[in-house]
Amino acid sequence: MGMRVHIADHPLITHKLSVLRDKATPSPVFRQLTEELMTLLAYEATRNVRVVECEIETPVTTTTGVKIADPKPLVVPILRAGLGMLEGMTKLLPTAEVGFLGLVRDEQTFKPTTYAERLPDNLAGRQCFALDPMLATGGSLAAAIKYLFDRGAEEVTAVCLLGTPEGLRAIEGLVGDRDVTLVLGAVDAGLNEKGYIVPGLGDAGDRLYGTAE
Ligand code: PRP
Ligand code: URA
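Right, let's walk through the structure included here. (Residues numbered from 1 in each chain as written. Chains lettered and ligands numbered in written order. Predicted model: local features only at pLDDT ≥ 70, side-chain atom pairs only at ≥ 80, totals over all residues. Heavy atoms only, no water.)

### Notes on the site of ligand 1
And step 1. The full set close to ligand 1 counts 16 residues, and Arg 105, Asp 132, Thr 137, Gly 138 and Ser 140 are the nearest of them.
And step 2. Thr 137 places a polar side-chain atom, nitrogen or oxygen, 2.5 Å from an oxygen atom of ligand 1.
And step 3. Between ligand 1 and Gly 138 there is a distance of 2.8 Å, counted from an oxygen atom to a backbone nitrogen or oxygen.
And step 4. Calculation on ligand 1 without its partners gives an accessible area of 490 Å², and the protein chains cover 93% of this total.
And step 5. Of all the elements in the fold, those that place two or more residues in the shell around ligand 1 are strand E6 (100-105) and helix H4 (139-150).
And step 6. With three residues, the single largest contributor to the shell around ligand 1 is E6.
And step 7. Residue composition of the shell around ligand 1, by class: seven nonpolar, five polar and four charged. (Near = heavy atom within 4 Å. Polar contact = N/O pair within 3.5 Å; in protein donor to acceptor, adjacent residues only side chain to side chain. Areas by Shrake-Rupley, 256 points an atom, 1.4 Å probe, with all protein chains shown as cover. Helix = DSSP H or I, 4+ residues; strand = E, 2+ residues; numbered from the N terminus. Nonpolar A, V, L, I, M, F, W, Y, C, P; charged D, E, K, R; others polar.)

### Notes on the site of ligand 2
And step 1. For ligand 2, the full set of nearby residues is Arg 105, Met 134, Ala 136, Gly 195, Tyr 196, Ile 197, Gly 202, Asp 203 and Ala 204.
And step 2. Between ligand 2 and Ala 204 there is a distance of 2.8 Å, counted from an oxygen atom to a backbone nitrogen or oxygen.
And step 3. Contact with the protein chains covers 87% of the free accessible surface of ligand 2, which is 230 Å².
And step 4. Considering only residue class, the shell around ligand 2 consists of five nonpolar, two polar and two charged.

### A few points about the packing of helix H2 (residues 27-45) against helix H3 (residues 83-90)
And step 1. For the pair H2 and H3, the least separation of the axes is 7 Å and the interaxial angle reads 50 degrees. Classified by the interaxial angle, the pair formed by H2 and H3 is oblique. You can see that H2 and H3 cross each other, and the crossing is right-handed. The residues of H3 that touch H2, namely those facing Thr 34, Glu 35, Met 38, Thr 39 and Ala 42, are Gly 84, Met 85, Glu 87, Gly 88 and Met 89.
And step 2. Looking at the contact of H2 with H3 residue by residue, the class counts come to four nonpolar, four polar and two charged. (Axes fitted to C-alpha atoms, helices over the stretch in contact; angles between N-to-C directions. Parallel < 35°, antiparallel > 145°, perpendicular 65-115°, else oblique. Left-handed = near helix turned anticlockwise from the far one by under 90°. Contact = heavy atoms within 4.5 Å.)

### Concerning unusual backbone geometry
And step 1. Cis geometry is adopted by the peptide bond preceding Pro 71, which originates at Asp 70 and carries an omega value of -10 degrees.
And step 2. Along the chain, Pro 71 falls in the loop between strand E3 (62-68) and strand E4 (74-79).
And step 3. Cis rather than trans, the peptide bond between Leu 79 and Arg 80 has omega equal to 0 degrees.
And step 4. Although it is not a glycine, Phe 110 sits at a positive phi angle of roughly 65 degrees.

### A look at helix H5 (residues 165-175)
And step 1. Three or more residues of H5 are buried, namely Gly 167, Leu 168, Ile 171, Leu 174 and Val 175. Taken end-on, H5 shows its buried residues confined to a sector of 130 degrees, consistent with a single buried face. In H5, those exposed residues whose orientation departs by more than 90 degrees from the buried face are Arg 169 and Gly 173.
And step 2. Looking at the buried residues of H5, the elements they touch are strand E1 (2-7), H4 and strand E10 (179-187).
And step 3. Positive phi appears at Gly 176, one or two residues downstream of H5, with a value of about 60 degrees. (Buried < 20%, exposed > 50% of the residue type's maximum accessible area, 1.4 Å probe, protein only. Arc of directions from axis to C-beta.)

### Comments concerning the environment of Gly 167
And step 1. When you line up the elements, Gly 167 lands in helix H5.
And step 2. Once the C-alpha coordinates of Gly 167 and Gly 139 are considered, the two residues, 28 residues apart in sequence, prove to be 7.7 Å apart.
And step 3. Each residue touching Gly 167, except ones within four places of it in the same chain, is listed here: Leu 135, Ala 136, Thr 137 and Gly 138.

What follows is the structure, given as structure tokens:
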């Protein structure tokens with residue numbers, strides 16, 4: 001299967017990302033835009049969501065429609081920053097189940113550690129959607145994707161607002177023949193010595209929930 005990468009190319013997405021990048025944008029606006037961007041990216045991310053045919057009665061006749069198939073998709077926001085994307089996704093996919101994964105990146109080594117996990121034990125046959133605004137070195141998303149496949153997930157679609165070439169390579173390195181799709185709002189130039197995305201938007205978790213200056 002391998003990895004598919006979809007980079008959004010839409011003026012509304014680029015416009016909203018530009019406001020997010022602006023350091024003068026305050027947390028309430030940042031949160032609102034993160035959610036809106038997720039909803040726009042969700043349209044692309046759910047392009048291959050599994051559906052089954054069903055019969056429906058319109059006021060006029062009987063016809064065939066579709067509904068989301070079982071087992072239902074699993075949406076996994078990567079705490080903390082991924083939580084800012086959850087509402088934007090569940091708005092479009094209200095019947096999805098939601099699991100949680102808490103990862104924090106060591107700011108010196110950039111290695112992620114898992115501090116929270118609340119996922120179904122068995123993900124066999126599940127389509128999973130991992131949400132994290134930032135794909136920087138790729139360590140966190142790689143750990144999250146590995147976690148989901150180790151539990152038996154059939155396919156993983158990751159949605160990120162910003163990525164880097166380094167992060168994309170890191171994910172590609174672990175994918176092998178597994179079914180992984182990355183949907184990104186933009187791919188930036190690279191990383192600085194602190195592992196921040198350049199030009200980026202700073203620390204997404206702090207800008208959503210913390211005391212970013
Ligand atoms: C940020 C971000 C990603 C990760 C990206 O989380 O939300 O999870 O860093 O970096 P990477 O690609 O180099 O792994 P952070 O660890 O700062 O935690 P937070 O979401 O709680 O702020
Ligand atoms: N995590 C963030 O929140 N921002 C970056 O630029 C890199 C990692």
